[in-house]
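Below are the chains, spelled out letter by letter.
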Amino acid sequence: MSEKTFTEAIEAIVNGDVDKSTELAKRGLELGIDPLELMTHGFIPGINRVGDLFGSGKLFIPGLVKSAEAMEKATAIINAAIPQEQETVSGKLVIGTVEGDMHDIGKTIVISLFRANGFDVLDLGRDVPIARFIEEAEKFDADIIGSSTLLTTTMGVQKELEEELKKAGLKPRFKTIVGGAPVTQRWADRIGADAFAQDASDGVKKVKQLLDTAS
């Protein structure tokens, strides 16, 4: 039954079927499937396939937006079901998709796993200006600022964010992590980010490393 649910979840995300993905998230939890298992084997492979299809030119922006919305709705349901077992917060992060980019795919997955691992996360949403990243990080007393982009045309905003943090003398205060489909370790090194997340699981691992280094 679990395998069938996972397969249907993948298909719902690929097809951008918001209603179906919402229904499957609820049904999976009702069947007793572990929330993280549901994400790891159902919805995340679905959104990864969407990224591949988009990257190869087989899926276009309208379909991408629908798939992202389907993923967002399913993730919200699953997040609410993840038990908050850890009383102590592992660390505080602000995460957003940079200005000019309206996509939430990677960010939504990352935030889900961060929260499941005991991190306190402020989701800034999409199309976030640099000034807001910094302002919200200061107000939230964040340890780390995470920026995501799906488009090559908005990668430069991640570089601008690093430059603004340096200019304001805030680099020692906030560690930074970057991610998104076109982002690489080489890009992170080039712009001066503290870490690069290849995917959601890698993001959790890298953030833990950053916090261990800082402590």
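Starting afresh in each chain, residues are numbered from 1 along the sequence in its written order. Only residues with pLDDT of 70 or above have their local features reported here, since the model is predicted, and side-chain atom pairs are shown and tallied only from 80 upward, although totals for entire chains, interfaces and linings are computed over all residues. The basis for the side-chain values is all heavy atoms of the structure; hydrogens and waters are excluded.

S.K.: Looking at this structure, how should I read the sheet that holds strand 5 (residues 195-197)?
M.R.: What holds strands together in a sheet is hydrogen bonding between their backbones, with the strands either parallel or antiparallel. One bridge is not enough; two strands pair if DSSP finds at least two bridges between them. Put simply, DSSP marks the helices as runs of H or I at least four residues long and the strands as runs of E at least two long, and each gets a number from the N terminus on. Overall, parallel pairing links the five strands, which are arranged 2-1-3-4-5 in an open sheet. Sheet topology places strand 2 (120-128) and strand 5 at the edges, where each strand pairs with a single neighbour. Direction aside, the axes of adjacent strands within the sheet are offset by 20 degrees on average. Where strand 4 (residues 175-179) meets strand 5, three bridges bridge the pair, whose relative direction is parallel. Across the sheet, Gly-179 pairs through a bridge with Ala-197, a residue of strand 5. Lines fitted to C-alpha atoms define the axes, with helix axes restricted to the stretch in contact, and inter-axis angles between N-to-C directions lie between 0 and 180 degrees.

S.K.: I tried to follow unusual backbone geometry on my own but got confused; where do I start?
M.R.: Phi is mostly negative for residues that are not glycine, and the peptide bonds are mostly trans. Non-glycine residue Asp-127 carries a positive phi angle of around 55 degrees. On the secondary structure map, Asp-127 appears in strand 2. Exposure classes here rest on a 1.4 Å probe applied to the protein chains alone. A residue is buried below 20% of its type maximum, exposed above 50%, and partly exposed in between. Among the residues examined, Asp-127 registers a relative accessible area of 33% and is labelled partly exposed. Unlike most non-glycine residues, Asp-141 shows phi in positive territory, near 55 degrees.

S.K.: How do you make sense of the packing of helix 1 (residues 2-14) against helix 2 (residues 18-30) when you look at a structure like this?
M.R.: A pair of packed helices is characterised by two quantities: the angle between their axes and the separation of those axes. Closest axis-to-axis distance for the helix 1/helix 2 pair is 9 Å, and the angle between their directions is 155 degrees. Considering the angle they form, helix 1 stands roughly antiparallel to helix 2. Considering the relative orientation of helix 1 and helix 2, their crossing is left-handed. Residues Thr-5, Glu-8, Ala-9, Ala-12 and Ile-13 of helix 1 pack against Lys-20, Ser-21, Leu-24, Arg-27 and Gly-28 of helix 2. When its residues are assigned to classes, the contact of helix 1 with helix 2 shows four nonpolar, three polar and three charged. Roughly parallel here means an angle under 35 degrees, roughly antiparallel means over 145, roughly perpendicular means 65 to 115, and every remaining angle is called oblique. Rotating anticlockwise by less than a right angle from the far helix to the near helix defines a left-handed crossing, while the corresponding clockwise rotation defines a right-handed one. Contact definition: two residues touch when any of their heavy atoms are within 4.5 Å. Each residue gets one of three labels, nonpolar for Ala, Val, Leu, Ile, Met, Phe, Trp, Tyr, Cys and Pro, charged for Asp, Glu, Lys and Arg, and polar for the others, Gly among them.

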